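Here's the letter readout for the chains.
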Amino acid sequence: MTALIIIGVVVLLVLWVIGIYNGMIKKRNNVDKEWRNVDVQLERRYALIPNLVETVKGYAKHESEVLEKITAYRSQAMSANTIAEKAEANNLLSSALSGLKVQLEAYPDLKANTNFLQLQEELASTENKISFSRQLYNQVVTDYNNKIQIFPNSIIAGMFNFTAKELFELSTPEARQAPKVSF
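Residues numbered from 1 in each chain as written. Predicted model: local features only at pLDDT ≥ 70, side-chain atom pairs only at ≥ 80, totals over all residues. Heavy atoms only, no water.

A short note on the overall build of the protein chain
Scanning the protein chain for helices and strands turns up seven helices and zero strands. Along the protein chain, helices (α) and strands (β) appear in the sequence α-α-α-α-α-α-α when read from the amino end. Relative to its 183 residues, the protein chain shows a buried fraction of 36%. Of all intrachain contacts in the protein chain linking residues separated by at least 6 positions in sequence, the fraction that spans at least 24 positions is 79%. (Helix = DSSP H or I, 4+ residues; strand = E, 2+ residues; numbered from the N terminus. Buried < 20%, exposed > 50% of the residue type's maximum accessible area, 1.4 Å probe, protein only. Contact = heavy atoms within 4.5 Å.)

Points about the side chain of Glu34
Relative to the assigned elements, Glu34 resides in helix 1 (residues 2–57). Classification of Glu34 by relative accessible area gives buried; the value is 5%. Once residues lying within four places of it in the same chain are set aside, the contact partners of Glu34 are Leu136, Tyr137 and Val140.

What to know about the pattern of salt bridges
This model, assessed by the stated rule, comprises five salt bridges. In this structure, the salt-bridge partner of Glu34 is Lys33, at a minimum N-O distance of 3.0 Å. On the basis of relative accessible area, Lys33 is assigned to the partly exposed category, the value being 44%. (Salt bridge = Lys/Arg side-chain N within 4 Å of Asp/Glu carboxyl O.)

Topic: a nonpolar patch on the surface
A contiguous nonpolar surface patch, about 730 Å² in accessible area, is contributed by Ile6, Ile7, Val10, Val11, Leu12, Val14, Leu15 and Ile18. Note that Val10 resides in helix 1. (Patch = residues over 30% accessible without salt bridge, like charges linked within 9 Å, V, L, I, M, F, W, Y side chains within 5 Å. Areas by Shrake-Rupley, 256 points an atom, 1.4 Å probe, with all protein chains shown as cover.)

Considering the nonpolar core
One finds Leu52, Ile70 and Tyr137 to be the most contacted residues of the largest nonpolar core, which totals 38 residues. Sorting the residues of this core by element identifies helix 1, helix 2 (64–79), helix 3 (83–103), helix 5 (114–149) and helix 6 (153–159) as the ones contributing at least two each. The element contributing the most residues to this core is helix 1, with 12 residues. Sequence-distant contacts of Tyr137, that is, excluding residues within four places in its chain, are made with Val31, Glu34, Trp35, Val38, Ile83, Glu166, Leu167 and Phe168. (Core = buried A, V, L, I, M, F, W, Y, C linked by side-chain atoms within 4.5 Å.)

Overview of unusual backbone geometry
Looking along the chain, the bond that leaves Phe151 and enters Pro152 is cis, with omega of 5°. Here Pro152 lies in the loop between helix 5 and helix 6. A positive phi angle is found at Asn161, which is not glycine, with a value near 60°. With respect to the helices and strands, the residue Asn161 is situated in the loop between helix 6 and helix 7 (173–176).

Here's the deal with the packing of aromatic side chains
Going through the model one piece at a time under the given rule, you end up with four aromatic pairs. Where Tyr21 meets Phe162, the ring centres are 5.7 Å apart and the plane angle is 75°; that geometry is what we call edge-to-face. Of this pair, Tyr21 sits in helix 1 while Phe162 sits in the loop between helix 6 and helix 7; the two residues are 141 residues apart in sequence, bridging distant segments of the chain. Ring centres 5.6 Å apart and planes at 35° place the aromatic pair Trp35 and Phe168 in the tilted group. Taken together, the residues span a long stretch of sequence, with Trp35 in helix 1 and Phe168 in the loop between helix 6 and helix 7 at a distance of 133 residues. Considered together, Trp35 and Phe168 belong to a single accessibility category, that of buried residues. Taken together, the ring pairs in this structure connect Tyr21, Phe160 and Phe162 into an aromatic cluster. (Phe/Tyr/Trp six-rings, centres within 6.5 Å; stacked < 30°, edge-to-face > 60°.)

So, the environment of Gly158
With respect to the helices and strands, the residue Gly158 is situated in helix 6. Taking relative accessible area as the criterion, Gly158 reaches 48% and is therefore assigned partly exposed. C-alpha of Gly158 to C-alpha of Ile148: the two residues are 10 residues apart in sequence and 8.3 Å apart in space.

Shown next as structure tokens:
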């Protein structure tokens with residue numbers, strides 16, 4: 001009888017560990033999926049930027065410094081490897097794009113250009129999708145990190161090498177500042 005109780009307890013313990021392990025796998029896979037969703041939107045943004053820059057160049061020749069910054073930040077963002085590097089580069093890119101939008105207010109002909117308006121609308125839509133994707137990504141990362149850090153899950157997470165994931169955060173002072181408006 002005692003042997004059956006011990007076997008029963010061991011079976012329950014094994015099933016409990018399997019349940020926690022499978023829950024962690026699901027959370028980790030969800031984090032990876034949401035990161036891919038963020039990445040898809042960032043790639044869309046990278047594809048739109050050269051078209052926007054080329055359209056603006058014809059109208060705003062003396063805004064070349066801003067356009068060069070945007071191009072440089074885009075390249076930096078595309079070549080980033082870690083989530084932190086991508087976050088930092090994309091935050092700089094967002095800041096530069098916001099600055100460009102403010103400076104372009106001085107070009108009524110450009111603002112009326114159909115190509116520019118379409119590109120601007122697509123970019124604004126993409127920026128909204130990036131923002132939503134980042135929020136969702138950060139939520140699933142938080143859920144995953146909580147899952148692996150709460151006791152007793154933390155013991156099992158340590159046994160199977162589950163590690164915390166990075167949030168997609170604003171990491172630079174430039175990205176936290178609103179663009180300056182000057183005419």
